[in-house]
Amino acid sequence: MPPYRATSTVVALETSEVLLIEAGALRDLLRDDEALALTLYPRLLESVSRRLTATRTQLLDLYARDREYEPW
């Protein structure tokens, strides 16, 4: 998403193979190749959904702990 800045990092816990695709080239491929986009987007959205669910759970846990210390 614009402004196309990295927002996360990754650390491999074991030996891994990595595929590096230049971001601009990937955006061009997805725009020009409908079959590729139809294959990649559902996987990407599944990943985003898992991350949002995990973030929501963390926030619920964070605020639930705050309530335990409230005097009422």
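Summarised in this report is the structure supplied together with it. Not measured: the values here are computed from a predicted model.

It is worth spelling out the overall build of the protein chain at this point. Counting its regular elements, the protein chain contains two helices and zero strands. For the protein chain, the computed accessible surface area is about 7,400 Å², with 59% contributed by carbon and sulfur atoms.

Now for a nonpolar patch on the surface. Residues Tyr41, Leu44, Leu45, Val48 and Leu52 make up a contiguous nonpolar surface patch of roughly 490 Å² in combined accessible area. With respect to the helices, strands and loops of the structure, Val48 is situated in helix H2 (residues 34–68).

Throughout the structure, instances matching the rule amount to three salt bridges. For Asp28, the salt bridge goes to Arg31, with nearest N and O atoms at 3.2 Å. Note that Asp28 and Arg31 are positioned in helix H1 (residues 23–32) at a spacing of three residues, about one turn of the helix. A relative accessible area of 36% places Asp28 in the partly exposed class. A relative accessible area of 59% places Arg31 in the exposed class.

Here we take up the packing of aromatic side chains. In this structure the tally under the stated criterion is zero aromatic pairs. In this structure, Arg27 is placed above the aromatic ring of Tyr4, and the distance from its NZ or CZ to the ring centre is 3.7 Å.

What counts and how
- Residue numbers run consecutively from 1 along every chain, following the written order of its sequence.
- Where local features are concerned, this predicted model is filtered to residues with pLDDT of at least 70; where side-chain atom pairs are given and counted, the filter is 80 or more; whole-chain, interface and lining totals use all residues.
- Side-chain numbers here rest on the full set of heavy atoms in the structure, without hydrogens or water.
- Working definition: helices are DSSP H or I runs of at least four residues, strands are E runs of at least two. Numbering for both runs from the N terminus.
- With residues, only the protein chains shown are counted as cover, and all accessible areas are computed by Shrake-Rupley using a 1.4 Å probe.
- Two joining distances apply to patches: 9 Å for like charges and 5 Å for nonpolar side chains (Val, Leu, Ile, Met, Phe, Trp, Tyr), and every residue must have over 30% relative accessible area and no salt bridge.
- For salt bridges, the criterion is a side-chain nitrogen of Lys or Arg within 4 Å of an Asp or Glu carboxyl oxygen.
- For every residue, the accessible area (1.4 Å probe, protein chains only) is compared with the maximum for its type, and the residue is labelled buried under 20%, exposed over 50%, or partly exposed between those bounds.
- Stacked, tilted and edge-to-face are the three classes applied to pairs of Phe, Tyr and Trp rings, where Trp contributes its six-membered ring and a pair requires centres within 6.5 Å; stacked means planes under 30 degrees apart, edge-to-face means over 60, and tilted covers the rest.
- Criterion for a charge above a ring: Arg CZ or Lys NZ at most 6 Å from the ring centre, at most 35 degrees from the ring normal.

Remember that the coordinates give geometry; whether it matters functionally is a separate question.
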